[in-house]
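The chain contents come next:
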Amino acid sequence: VKNIDKIISTLTNTSFYHASSFSQNEYTTIMKLLQWPPKICFPCLDLLRLIVLHPHAAAHFTESYENGSEDNVLDICLSFLLCADSQPEANITMIWRFLCNLFKEEKCRERMILQIQDQVIELSKIYIIHTNQNITLAVVTLLLNLSVALSLNNSSENRLQIVEILVKNLDVTVNTTTSYSEETLYRIFLALGTCAYKHDQCKKFLMEHQHEFQNLLQKKKMMS
């Protein structure tokens, strides 16, 4: 309990992130909490989502990932996504938000999440059609973050695949009763525009699928 209190205290003092850190005992506590049964693991996942925003924790977990250490939280969270049937929806939401937050610190972004982008994109294909809108929003947010990171790195890798996934699922919302929230749609269009920036294949694909956007706008007008 004392270690949890210390972690929360450090995370609360955001103005001192540059000068604060976590002890090995505090990291060990996080790992112990991750071993809790899925039904009660939500608070730990929420804490993990926040702690990776701290520079010291970002550096620690990046090193753990690269060294294949026991406290490799990235692999642990990915294993949870691969066994979704055993995880409550609230846990799934937190895991996707954790992945989104890995884009904040350069170490985590360049040396963790971008290294597994293929696997994350494959998982996004499964979860982007989830009935829980908190999960779909988190998945779309990750794809938006990924599109921004790839664009900033002048990388064409996977940008077309991101566009294809998003456009395909826009088409699903037009032809079924499925509906994304306004915020999710907003982030989808931001991701599409980001992927298309200086990427001729993405631009061509979007031009060829203009009817999906027109149909979506028509559906939104009919629902309003």
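In case you missed it, the structure is sitting above this.
Residues numbered from 1 in each chain as written. Predicted model: local features only at pLDDT ≥ 70, side-chain atom pairs only at ≥ 80, totals over all residues. Heavy atoms only, no water.

## Concerning the overall build of the protein chain
Helix and strand counts for the protein chain stand at 13 helices and zero strands. Helices and strands in the protein chain line up, N terminus first, as α-α-α-α-α-α-α-α-α-α-α-α-α. Judged by the C-alpha coordinates and their principal axes, the protein chain covers about 55 × 35 × 30 Å. Counting contacts in the protein chain only where the partners sit at least 6 residues apart, residues at least 24 apart contribute 70% of the total. Computed over 20 positive and 23 negative side-chain charges, the inter-centroid distance for the protein chain is 5 Å. (Helix = DSSP H or I, 4+ residues; strand = E, 2+ residues; numbered from the N terminus. Contact = heavy atoms within 4.5 Å. Lys, Arg positive; Asp, Glu negative; His and termini not counted. Charge placed at Lys NZ, Arg CZ, Asp CG, Glu CD.)

## Here's the deal with the pattern of salt bridges
Following the criterion strictly, the structure yields six salt bridges and no others. Taking the shortest distance from any N to any O, the salt bridge between Glu66 and Arg111 comes out at 2.8 Å. On the criterion of sequence distance, the pair formed by Glu66 in helix α4 (residues 55–67) and Arg111 in helix α7 (residues 106–111) is long-range, its members being 45 residues apart. Ionic pairing is found between Glu110 and Arg109, a salt bridge with its closest N-O pair at 3.4 Å. (Salt bridge = Lys/Arg side-chain N within 4 Å of Asp/Glu carboxyl O.)

## Thoughts on helix α6 (residues 89–101)
The terminal C-alpha atoms of α6, which comprises 13 residues, lie 19 Å apart, in line with the 18 Å expected from a rise of 1.5 Å per residue. Across the 13 residues that make up α6, a large majority, ten, are buried. Residues of α6 that are buried include every one of Asn91, Ile92, Thr93, Met94, Ile95, Trp96, Phe98, Leu99, Cys100 and Asn101, and no others. Turning to α6, the residues buried within the fold contact α3 (42–51), α5 (73–82), α8 (117–127) and α9 (133–152). (Expected span 1.5 Å × (residues − 1). Buried < 20%, exposed > 50% of the residue type's maximum accessible area, 1.4 Å probe, protein only.)

## A short note on the packing of aromatic side chains
Inspection of the entire model under this criterion finds three aromatic pairs. Taking 5.6 Å as the distance between ring centres and 65° as the angle between the ring planes, the aromatic pair formed by Trp96 and Tyr127 counts as edge-to-face. In this pair, Trp96 sits in helix α6 while Tyr127 sits in helix α8, placing the two residues 31 residues apart along the sequence. Summarising the burial analysis for this pair, Trp96 and Tyr127 share the class buried. One aromatic cluster is present, formed by Phe22, Tyr27 and Phe61 through successive ring pairs. (Phe/Tyr/Trp six-rings, centres within 6.5 Å; stacked < 30°, edge-to-face > 60°.)

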